[in-house]
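Chain by chain, the residues run as shown.
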Amino acid sequence: MKIQSLSVCVPNKACVNKCKFCVARMRTEEYKNMMDENLPFYDLYEKDYIRRLEFARDNGCNTVMLTGNSEPQQNRAFLQRFGTMNSNLSRPFRWIEMQTTGVGIDEPYLRFLRNHVGISTISLSISSFDDEMNRQYNGTSMNNKVCLVDFCKSIKKYDFNLRISINLTDAFNPYEAQYLFKYCKEILHADQITFRILYTSNINTEQDQWIHEHKASDELIEDIKKYIRHNGRPLERLEFGNMKYSVDGMSTVLDEDCMNTEAKEELKYVILRPNCKLYSKWDDTASLIF
């Protein structure tokens with residue numbers, strides 16, 4: 001088994017956001033949080049957790065994505081423990097990323113993420129270039145509204161790599177692909193871009209209905225593909241099949257299978273849940289590895 005990356009699902013009771021297209025809200029699967037220091041036998045579960053980290057490393061994985069069904073930064077105590085656990089591994093993960101909408105992250109928090117947790121790349125998930133529409137689509141409260149331009153400046157100030165993960169909603173329909181790249185490079189100062197085609201389930205959830213009404217147009221997606229093909233230089237094919245391109249000085253990927261639904265011999269990622277067990281799919285408990 002060869003694993004490209006490890007997605008660490010940071011435990012939280014509830015997400016501070018209520019994204020209109022949130023995959024986690026499509027289902028009510030429960031994974032017990034055994035990474036709670038107040039639980040009996042916590043030391044045993046922490047050993048289980050470390051074994052799963054080591055398993056991923058043993059299978060060729062050197063990349064961790066801190067993510068989950070909530071915003072990772074909501075659980076600073078866990079991030080602190082993760083940073084310590086990783087540094088104590090015989091072969092620590094060197095490439096650590098975090099997926100976030102930026103809610104609640106100020107400059108002191110960025111210093112903590114950089115210096116203790118060891119994060120080198122912030123993958124900033126956005127649903128619109130407009131701060132207010134981005135707030136609405138991400139289901140963020142007014143008090144937690146993120147100024148994308150200012151937050152990106154802070155990310156670059158502390159020398160993180162900045163990936164803009166664009167959730168392809170209808171907020172981007174008015175623009176041509178060329179403008180999307182120009183804005184990410186010149187205004188947000190991105191190093192990388194990932195375009196995400198929104199995932200829909202087959203169970204007709206509230207989120208599915210929203211996506212059908214508010215997903216990016218087929219014309220925009222085709223325009224993005226054409227722009228990448230005509231202006232991009234192929235860099236390498238990623239292990240899960242997508243080609244990575246250099247476009248306007250930024251590493252660029254169009255992710256049409258963000259949920260890793262296709263069966264492959266090599267795993268795009270494995271997921272380490274708070275119950276200290278590894279899975280290969282976000283939406284299927286039967287994907288338990290061990």
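Just so it is clear, the model here is predicted, and its values are computed rather than measured.

Asks: Requested: an account of the packing of helix α6 (residues 177-186) against helix α8 (residues 218-231), with residues and values cited.
Replies: At their nearest, the axes of α6 and α8 sit 8 Å apart, and the two run at 70° to each other. Classified by the angle their axes make, α6 and α8 are roughly perpendicular. Counted together, A177, Q178, L180 and F181 of α6 and L220, D223, I224, Y227 and I228 of α8 form the full contact between these two elements.

Asks: Any chance you could break down the side chain of S128 for me, citing the residues and the numbers?
Replies: With respect to the helices and strands, S128 occurs in the loop between β4 (121-126) and α4 (131-137). A distance of 3.0 Å separates the side chain of S128 from the backbone nitrogen of D130, its partner in a polar contact. Excluding anything up to four places from it in sequence, S128 contacts M133, N134, L148, A171 and F172.

Asks: Would you mind going over unusual backbone geometry in detail, with residue names and values included?
Replies: Leaving glycine aside, a negative phi is the common case for residues, and trans is the common case for peptide bonds. In this structure, F41 is a non-glycine residue whose phi angle is positive, near 60°. Turning to its location among the elements, F41 is positioned in the loop between β1 (3-9) and α1 (42-58). With a phi angle near 65°, D159 is a residue other than glycine that sits in the positive phi range. Of note, D159 is situated in the loop between α5 (148-157) and β5 (161-167). What makes D159 exposed here is its relative accessible area of 56%.

Asks: With reference to specific residues and values, describe the packing of α1 against helix α2 (residues 76-88).
Replies: A pair of packed helices is captured by two measures, namely the crossing angle of their axes and the spacing between those axes. Contact geometry of α1 with α2 gives a least axis separation of 11 Å together with a crossing angle of 60°. Our classification of the angle between α1 and α2 gives oblique. The hand of the α1/α2 crossing is right-handed. Between α1 and α2, the residues in contact are Y42, E46, Y49, I50 and L53 and F78, R81, F82 and M85, respectively. Residue composition of the contact of α1 with α2, by class: 7 nonpolar, no polar and 2 charged.

Asks: Would you mind going over the pattern of salt bridges in detail, with residue names and values included?
Replies: In the structure shown here, the tally under the stated rule is 11 salt bridges. Of the charged contacts, one joins R135 and E132 as a salt bridge, the two residues approaching to 2.8 Å between their closest N and O atoms. Linking R135 with E132, this pair stays in helix α4, spanning 3 residues, or about one helical turn. Between K244 and E236 there is a salt bridge; the shortest N-O distance is 2.8 Å. Given a relative accessible area of 39%, E236 falls into the partly exposed group. Because the salt bridges share partners, they merge into one network encompassing E132, R135 and K145.

Asks: Go over the environment of I3, please, and point to the residues and values.
Replies: Take I3: it is sitting in strand β1. For I3, a relative accessible area of 1% corresponds to the buried category. Here the alpha-carbon distance between I3 and S165, two residues 162 residues apart in the chain, equals 22 Å.

Asks: I'd like to hear about α8, residue by residue, with values.
Replies: Helix length check: α8 (14 residues) gives 20 Å between terminal C-alpha atoms against 20 Å at 1.5 Å per residue, within 8%. Of all the residues in α8, the buried ones are L220, I221, I224, Y227 and I228. Around the axis of α8, the buried residues are gathered within 125° of arc, so they sit on the same side. Structural note: α8 exposes D218, E219 and H230 on the side pointing more than 90 degrees away from its buried face. Those residues of α8 hidden inside the fold are in contact with α6, β6 (192-196), β8 (243-247) and β9 (250-255).

Asks: Report on the packing of aromatic side chains, specifying residues and quantitative values.
Replies: Counted according to the given criterion, the structure contains 14 aromatic pairs. Relative to F172, the ring of F129 has its centre 5.1 Å away and its plane inclined at 85°; by these criteria the two rings are edge-to-face. Placement of F129 in the loop between β4 and α4 and of F172 in the loop between β5 and α6 is noted, with a sequence separation of 43 residues between them. By relative accessible area, which is 0% here, F172 ends up buried. For the ring pair F129 and Y179, a centre distance of 6.5 Å and an interplane angle of 65° mean the geometry is edge-to-face. Pair noted here: F129 is in the loop between β4 and α4 and Y179 is in helix α6, with a separation of 50 residues, a long-range link. Of the residues examined, Y179 reaches a relative accessible area of 34% and is grouped as partly exposed. In textbook terms, an aromatic cluster arises when at least three aromatic residues are bridged by ring pairs, as seen for F129, F172, Y175, Y179 and Y183. One Lys or Arg, R57, reaches over the ring of F93 and ends 5.4 Å from the middle of that ring. Lying over the aromatic face of F160, R114 brings its terminal NZ or CZ to 5.9 Å of the ring centre.

Definitions and cut-offs
- Residues numbered from 1 in each chain as written.
- Predicted model: local features only at pLDDT ≥ 70, side-chain atom pairs only at ≥ 80, totals over all residues.
- Heavy atoms only, no water.
- Axes fitted to C-alpha atoms, helices over the stretch in contact; angles between N-to-C directions.
- Helix = DSSP H or I, 4+ residues; strand = E, 2+ residues; numbered from the N terminus.
- Parallel < 35°, antiparallel > 145°, perpendicular 65-115°, else oblique.
- Contact = heavy atoms within 4.5 Å.
- Polar contact = N/O pair within 3.5 Å; in protein donor to acceptor, adjacent residues only side chain to side chain.
- Buried < 20%, exposed > 50% of the residue type's maximum accessible area, 1.4 Å probe, protein only.
- Left-handed = near helix turned anticlockwise from the far one by under 90°.
- Nonpolar A, V, L, I, M, F, W, Y, C, P; charged D, E, K, R; others polar.
- Salt bridge = Lys/Arg side-chain N within 4 Å of Asp/Glu carboxyl O.
- Expected span 1.5 Å × (residues − 1).
- Arc of directions from axis to C-beta.
- Phe/Tyr/Trp six-rings, centres within 6.5 Å; stacked < 30°, edge-to-face > 60°.
- Lys NZ or Arg CZ within 6 Å of the ring centre and 35° of its normal.

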